Amino acid sequence: MEEAQLQYEYIEKAKKIVREKAEEKGSKLTCCVVTFGCQMNARDSEKLSGILNAAGFEETEDENADLVIYNTCTVRDNANQRVYGRLGVLNGYKRRNPRMKICLCGCMMQEPSVIEKIKKSYSFVDLIFGTHNIFKFAELLVEMYEADGMLIDIWKDTDQIVEKLPVQRKYPFKSGINIMFGCNNFCCYCIVPYVRGRERSREPLEILSEIRALAAEGVVEIMLLGQNVNSYGKNLKNPVSFAELLRQVEQIDGIERIRFMTSHPKDLSDELILVMKNSKKICRHLHLPLQSGSTRILKEMNRRYTKEQYLLLAEKIRREIPDISITTDIIVGFPGETYEDVLETIDVIRKVQYDNAFTFQYSKRTGTPAAAMENQVDKETVTKHFDEVLSVVQHTAKERAKLLEGLTMDALVEEINEHDESLVTGRLSNNMIVHFKGTKELIGKIVPVFLKECRGFYYFGEML
Ligand code: SAH
Ligand code: SF4
Ligand code: F3S
């Protein structure tokens, strides 16, 4: 039997179990899905919500629920620490609600040391699974309710891509779409290839039909997701380039904005720049992770480009698409990094003039080559260098933001402003945020907004 069909049968079984428990309780069972990490995890969580919803749970934001699932991230150690901290709180809830089930999944669970720690110190957890078998969530749910004690199912790898399971989207008007899974790059600080497995691309026809279905449901903005979208399609039986995929996505009626994440500089083609330049729908935003501006460190990191190659690429993109915003990721404190290396990074930030940059302190990930390097930089030096990089990043980002003050741009209205109910929050094509007077009826609409005042990293505007 086809895997998806099998999982639909498990959803039916789960429904029955959930219905019985709800009768005992006297009301619907509640569930809470908590996401750590990147867009890819956020999309996976929508799949978890889809299954839970189909099984009859009512979703809540409150972690004091009948089922809580943490979809975890392990890219930096602080993500792991947050999970352990919050598990303690969940244990308190569970003591008062014996019906409560606690589930863990996602990248952190692919690490054997994490599983050992949870078995030893967090024995109240009911279900653990990983990134490769998330499509079996319905089946695991049923098994969890039938088991006593902790159920653990972790796969080392998979080549399966299971399509067409239920999905519960967080936003009605925008959606992420996986175009590929895993990563083959092995940047030597990074744990992602170990916890997400080898790179696998989805068939273009599957992607296009999913996007058409989303458009039919009213989605206007999509984000194509992959750890390195620029290498999309290279390993398919009939290879397709990422630029070609974008061309086809552009044809889909109803889709008005196309975004993608993430672009590895080493694989960014001229064809892609051309497609972006000529597109009416692809957003004026490119996230182009630099990691370091020092060619020596880039080589150590196994990034496979030099400072000069990166600068030439950024220049070419700015020349071809002048209204584009370029954002980046930077790691400070990679083993062996000196102040001279940090100055090279700062030089790139000044030259490229990033519209925004996520700056991270290097975090040692067990199992990666960088973790075994002997020249780890001490915490105090890292903090000092980090603060310096951050202040340059913030300065250039503010300068860039100021340039758009006084212009009128289209914004997709995403939500009512968190702090002021008379305002709505919209996103510009370049990914910047604007707040302006408006009501909830505007949510999901693209409207022209005058960018009246720049407040650092966002704007106050007026809808025209
Ligand atoms: N595939 C994406 C990145 C995914 S991880 C890419 O290559 O661009 C997101 C970001 O986390 C990375 O860009 C990097 O800046 C950061 N990161 C990854 N491993 C890290 C580590 N060990 N310590 C600190 N930051 C790290
Ligand atoms: Fe990690 Fe590098 Fe792959 Fe990005 S490209 S996920 S940084 S190994
Ligand atoms: Fe984290 Fe996994 Fe994404 S480690 S950054 S959630 S791929």
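Residues numbered from 1 in each chain as written. Chains lettered and ligands numbered in written order. Predicted model: local features only at pLDDT ≥ 70, side-chain atom pairs only at ≥ 80, totals over all residues. Heavy atoms only, no water.

Trainee: Outline the overall build of the chain, listing residues and values.
Mentor: Across its full length, the chain carries 13 helices and 19 strands. Its C-alpha atoms give the chain a radius of gyration of 23 Å, near enough to 23 Å, the size a compact globule of 464 residues would have. Principal axes of the C-alpha set define a box for the chain whose edges measure 65 × 55 × 50 Å. Expressed as a percentage of its 464 residues, the buried residues of the chain come to 56%. Across the chain, contacts joining residues at least 24 apart in sequence account for 73% of those joining residues at least 6 apart. When the accessible surface of the chain is summed, it comes to about 21,300 Å², and 50% of that surface belongs to carbon and sulfur atoms. Where the 64 positive side-chain charges of the chain centre and where its 68 negative ones centre are 1 Å apart. (Helix = DSSP H or I, 4+ residues; strand = E, 2+ residues; numbered from the N terminus. Rg over C-alpha atoms; globule rule 2.2 N^0.38 Å. Buried < 20%, exposed > 50% of the residue type's maximum accessible area, 1.4 Å probe, protein only. Contact = heavy atoms within 4.5 Å. Areas by Shrake-Rupley, 256 points an atom, 1.4 Å probe, with all protein chains shown as cover. Lys, Arg positive; Asp, Glu negative; His and termini not counted. Charge placed at Lys NZ, Arg CZ, Asp CG, Glu CD.)

Trainee: I'd like a description of the packing of helix 2 (residues 39-54) against helix 5 (residues 137-146), backed by residues and values.
Mentor: With their axes 10 Å apart at the nearest point, helix 2 and helix 5 run at an angle of 55° to one another. Considering the angle they form, helix 2 stands oblique to helix 5. For the pair helix 2 and helix 5, the sense of crossing is right-handed. Across the interface between the two elements, Leu 48, Ile 51 and Leu 52 from helix 2 touch Phe 137, Ala 138 and Leu 141 from helix 5. Among the residues forming the contact of helix 2 with helix 5, the class breakdown is six nonpolar, no polar and no charged. (Axes fitted to C-alpha atoms, helices over the stretch in contact; angles between N-to-C directions. Parallel < 35°, antiparallel > 145°, perpendicular 65-115°, else oblique. Left-handed = near helix turned anticlockwise from the far one by under 90°. Nonpolar A, V, L, I, M, F, W, Y, C, P; charged D, E, K, R; others polar.)

Trainee: Describe the sheet that holds strand 7 (residues 174-178), listing the residues and the values that go with them.
Mentor: One open sheet holds the three strands; their spatial order is 7-10-11, and the pairing between them is parallel. Either end of the sheet is taken by a strand with one partner, and the two such strands are strand 7 and strand 11 (257-261). Adjacent strand axes in the sheet meet at a mean angle of 20° when their direction is disregarded. By the bridge criterion, five bridges tie strand 10 (residues 221-225) to strand 11 in an arrangement that is parallel. Across the sheet, residue Met 223 finds its bridge partner in strand 11, namely Arg 259. Against the sheet, helix 2 contacts strand 7, strand 10 and strand 11, and its axis sits at roughly 100° relative to strand 7. Sheet strands touched by helix 8 (residues 242-250): strand 10 and strand 11. Its angle to strand 11, the strand with the most contacts, is close to 155°. (Pairing = 2+ DSSP bridges.)

Trainee: Before we move on, could you go through the nonpolar core and cite the residues and values that matter?
Mentor: Membership of the largest hydrophobic core comes to 69 residues, with the highest contact counts inside it found for Leu 224, Phe 242 and Phe 260. In this view, Leu 224 contacts Ile 177, Ile 179, Ile 211, Val 229, Phe 242, Leu 245, Leu 246, Ile 258, Arg 259, Phe 260 and Met 261; residues no more than four positions away in its chain are not counted. Among the nonpolar cores identified, the runner-up in size contains 28 residues, and Ile 134, Phe 137, Leu 141 and Tyr 145 belong to it. (Core = buried A, V, L, I, M, F, W, Y, C linked by side-chain atoms within 4.5 Å.)

Trainee: Hey, could you go over the sheet that holds strand 6 (residues 151-153) for me, with residue numbers and the actual values?
Mentor: Spatially, 2-1-3-4-5-6 is the arrangement adopted by the six strands of the open sheet, whose pairing is parallel. Looking along the sheet, the strands with just one partner apiece sit at the ends: strand 2 (58-59) and strand 6. Bridge analysis of strand 1 (residues 30-35) against strand 3 (residues 67-72) gives five bridges, and the strand direction is parallel. Bridge pairing in strand 3 places Cys 31 opposite Leu 67. Strands in contact with helix 3 (residues 77-96) are strand 1, strand 3 and strand 4 (101-106); relative to strand 3, the strand with the most contacts, it is inclined by about 175°.

Trainee: So, the packing of aromatic side chains: which residues are in play, and what are the values?
Mentor: Counted by the stated rule, this structure contains twelve aromatic pairs. Between Phe 36 and Tyr 70, the ring centres sit 5.5 Å apart and the planes meet at 70°, which makes this aromatic pair edge-to-face. With Phe 36 in the loop between strand 1 and helix 2 and Tyr 70 in strand 3, this residue pair connects regions lying 34 residues apart in the sequence. Its relative accessible area of 1% is what places Phe 36 among the buried residues. Overall, the relative accessible area of 0% leaves Tyr 70 in the buried class. Here Tyr 458 and Phe 460 contribute two aromatic rings whose centre-to-centre distance is 6.1 Å and whose plane-to-plane angle is 75°, an arrangement assigned as edge-to-face. Owing to a relative accessible area of 22%, Phe 460 belongs among the partly exposed residues under this scheme. The ring of Phe 360 has Arg 76 lying over it, and the distance from NZ or CZ to the ring centre is 3.6 Å. (Phe/Tyr/Trp six-rings, centres within 6.5 Å; stacked < 30°, edge-to-face > 60°. Lys NZ or Arg CZ within 6 Å of the ring centre and 35° of its normal.)

Trainee: Now, about empty space enclosed by the protein: what can you tell me, with residues and values included?
Mentor: Counted by the stated rule, this structure contains one cavity of 30 Å³ or more. Counted as a void, the largest cavity has a volume near 70 Å³. For the lining of the largest cavity, the elements supplying multiple residues, two or more each, are strand 11 and strand 12 (285-287). With four residues, strand 11 is the largest single contributor of residues to the lining of the largest cavity. (1 Å grid on protein atoms, 1.4 Å probe; cavity = no way out; pocket = protein on both sides within 12 Å on 5 of 7 lines; lining within 4 Å. Points joined across faces, edges and corners; volume = space filled by probe spheres on them.)

Trainee: How would you explain the site of ligand 1 if you had to name every residue and give the values?
Mentor: Inspection of the region around ligand 1 gives 15 residues, with Gln 227, Pro 289, Gln 291, Asp 329 and Ser 363 positioned closest. Between ligand 1 and Arg 303 there is a distance of 3.4 Å, counted from an oxygen atom to a side-chain nitrogen or oxygen. At 2.6 Å from an oxygen atom of ligand 1 is found a side-chain nitrogen or oxygen belonging to Asp 329. Within the complex, 90% of the 540 Å² of free accessible area of ligand 1 lies under protein. Its residues assigned to classes, the shell around ligand 1 shows six nonpolar, five polar and four charged. (Near = heavy atom within 4 Å. Polar contact = N/O pair within 3.5 Å; in protein donor to acceptor, adjacent residues only side chain to side chain.)

Trainee: Describe the pairing of strand 1, with residues and values.
Mentor: Of all six residues in strand 1, five are buried, a share of seventy percent or more. In terms of strand pairing, strand 1 meets strand 2 through two bridges, oriented parallel. Paired with Cys 31 across the strands is Glu 59, a residue of strand 2.

Trainee: Let's hear about unusual backbone geometry: which residues, and what values?
Mentor: Following Met 261, the chain continues into Thr 262 via a peptide bond in cis, with omega recorded as -5°. Turning to its location among the elements, Thr 262 is positioned in the loop between strand 11 and helix 9 (270-278). Positive phi, close to 65°, is recorded for Lys 164, a residue that is not glycine. Along the chain, the position of Lys 164 falls in the loop between strand 6 and strand 7. Judged by relative accessible area, which is 58%, Lys 164 ranks as exposed. The phi torsion at Asn 431 lies on the positive side, around 80°, for a residue other than glycine. If you trace the backbone, Asn 431 turns up in the loop between strand 16 (423-428) and strand 17 (433-437).

Everything listed is a geometric property; what it means functionally is a separate question.
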